[in-house]
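# Chain and residue survey
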Amino acid sequence: MTSTEHLDLREIDACLFDVFGTVLDWYSTVTRQVARLSKGLLLEGSQDAVDFAEEWRAGYYAHVKKVSQGGEGTVNADIMHRQILDDMLTTPRWSHFVEVWGESDREEPTMIWHNLDAYQDTIPGLTELKRYVNILALSNGNFRLLLDLVIESPHYESDLSSSVNVPWDGIFSSELFGSYKPNKKVYESAAYHLSLPPHKIAMVAAHRFDLIAAASVGFKTIYVPRPAEDSREIRESMCSKKNGGEVDLVVKDFEELARLIREARES
């Protein structure tokens, strides 16, 4: 049973959620969809499809790290994803993809990131949770990308088009704050716009680095392990401060988090 002995969940007025990897399953979606759009160059379920998706994501992490530490680069994730894709297609392993993804064809694979699958617990967990606290995205995704995860976009027509209809109360894109997580100003800016002291805000993420940065500005921290995020060693070692760990709470999924907050509010 998850213990909340040293964390008063009644104090939390807003939960901010990392999106890619925590709320939405980028790994399964991107691995599947790059294969479907490759016109036979990648087989669905193949190691090559996995490698392509992971290399694209690794490029994301490298870019985010550089910019969050003050380096130059776009803070728009769509532009970033396209730049990484362009760079990948110049490498020996993936250069043959220019046969099917020419310059004018690359918007569709880039738009995969606008149509990611939700984890099974995401919609029911968040729907229940928002009965008790405000729930908002705090994501490195650009604003348009995050908006497309809430509404059906009329601007991008594709056979990939779908909306997971995440029931946010609001959206914070790091693009609006001029950097990426884990830069402290992203978390501080979100707290400012919520008009809440940091201790009344909880950051919910499947990434240790995100929570460590959030804690440094005074946020409460809630870790949700996801199979494609962090290493297995980190996932299995994460525990609450009560048990000698680095975060305030570890939950198995959003439904458990909603239950714990409901029980705290009703106690």
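Below or above, wherever it landed, is the structure these notes cover.

The rules behind the values
Residues numbered from 1 in each chain as written. Predicted model: local features only at pLDDT ≥ 70, side-chain atom pairs only at ≥ 80, totals over all residues. Heavy atoms only, no water. Helix = DSSP H or I, 4+ residues; strand = E, 2+ residues; numbered from the N terminus. Rg over C-alpha atoms; globule rule 2.2 N^0.38 Å. Buried < 20%, exposed > 50% of the residue type's maximum accessible area, 1.4 Å probe, protein only. Contact = heavy atoms within 4.5 Å. Areas by Shrake-Rupley, 256 points an atom, 1.4 Å probe, with all protein chains shown as cover. Lys, Arg positive; Asp, Glu negative; His and termini not counted. Charge placed at Lys NZ, Arg CZ, Asp CG, Glu CD. 1 Å grid on protein atoms, 1.4 Å probe; cavity = no way out; pocket = protein on both sides within 12 Å on 5 of 7 lines; lining within 4 Å. Points joined across faces, edges and corners; volume = space filled by probe spheres on them. Nonpolar A, V, L, I, M, F, W, Y, C, P; charged D, E, K, R; others polar. Polar contact = N/O pair within 3.5 Å; in protein donor to acceptor, adjacent residues only side chain to side chain. Axes fitted to C-alpha atoms, helices over the stretch in contact; angles between N-to-C directions. Parallel < 35°, antiparallel > 145°, perpendicular 65-115°, else oblique. Left-handed = near helix turned anticlockwise from the far one by under 90°. Core = buried A, V, L, I, M, F, W, Y, C linked by side-chain atoms within 4.5 Å.

A word on the overall build of the protein chain. On a plain count of helices and strands, the protein chain comes out with 10 helices and eight strands. Relative to the compact-globule value of 18 Å for 267 residues, the protein chain shows a C-alpha radius of gyration of 19 Å, a close match. The principal-axis extent of the C-alpha atoms belonging to the protein chain is close to 60 × 40 × 35 Å. Split into buried and exposed, the 267 residues of the protein chain put 53% on the buried side. Partitioning the intrachain contacts of the protein chain with sequence separation of at least 6 by distance along the chain shows that 70% fall at a separation of at least 24. With the model as given, the accessible surface of the protein chain reaches about 12,000 Å², and the carbon-plus-sulfur share is 48%. Charge-centre separation for the protein chain: the mean point of 28 positive side chains lies 5 Å from the mean point of 42 negative side chains.

The gaps left among the atoms become clear once a water-sized probe is rolled over them. Evaluation of the coordinates by the stated rule reveals two cavities of 30 Å³ or more. In this structure, the second largest cavity spans a volume of roughly 40 Å³. Every residue along the wall of the second largest cavity is listed here: Asp18, Phe20, Arg57, Tyr60, Tyr61, Asn140, Lys181, His207, Phe209 and Asp210. Of the residues forming the lining of the second largest cavity, the biggest block, three residues, is contributed by helix H2 (residues 47–68). Taken together, the residues of the lining of the second largest cavity sort by class into four nonpolar, two polar and four charged.

Moving on to the side chain of Ser139. Tracing the backbone through its elements, the reader meets Ser139 in strand E4 (residues 134–139). Separated by 2.9 Å, the side chain of Ser139 and the backbone nitrogen of Gly141 make a polar contact. When neighbours within four sequence positions are excluded, Ser139 is seen to be in contact with Val19, Phe20, Leu146, Phe172, Ser173, Ser174 and Lys181.

Contact geometry for helix H1 (residues 26–37) and H2: axes closest at 8 Å, N-to-C directions at 120°. With respect to their mutual orientation, H1 and H2 come out oblique. Considering the relative orientation of H1 and H2, their crossing is right-handed. Taking contact as the criterion, the partners of Trp26, Tyr27, Val30, Thr31, Val34 and Ala35 in H1 are, on H2, Ala49, Val50, Phe52, Ala53, Glu54, Trp56 and Arg57. Residues that form the contact of H1 with H2 fall into these classes: 10 nonpolar, one polar and two charged.

A few words on the nonpolar core. Counting 60 residues, the largest nonpolar core has Phe17, Phe52, Leu129 and Trp168 as its most contacted members. No other element matches H2, which puts seven residues into this core. Among residues more than four places away in sequence, those in contact with Trp168 are Phe17, Val19, Val23, Leu126, Lys130, Ile135, Leu136, Ala137 and Val150.

Keep in mind these numbers describe shape, not what the thing actually does.
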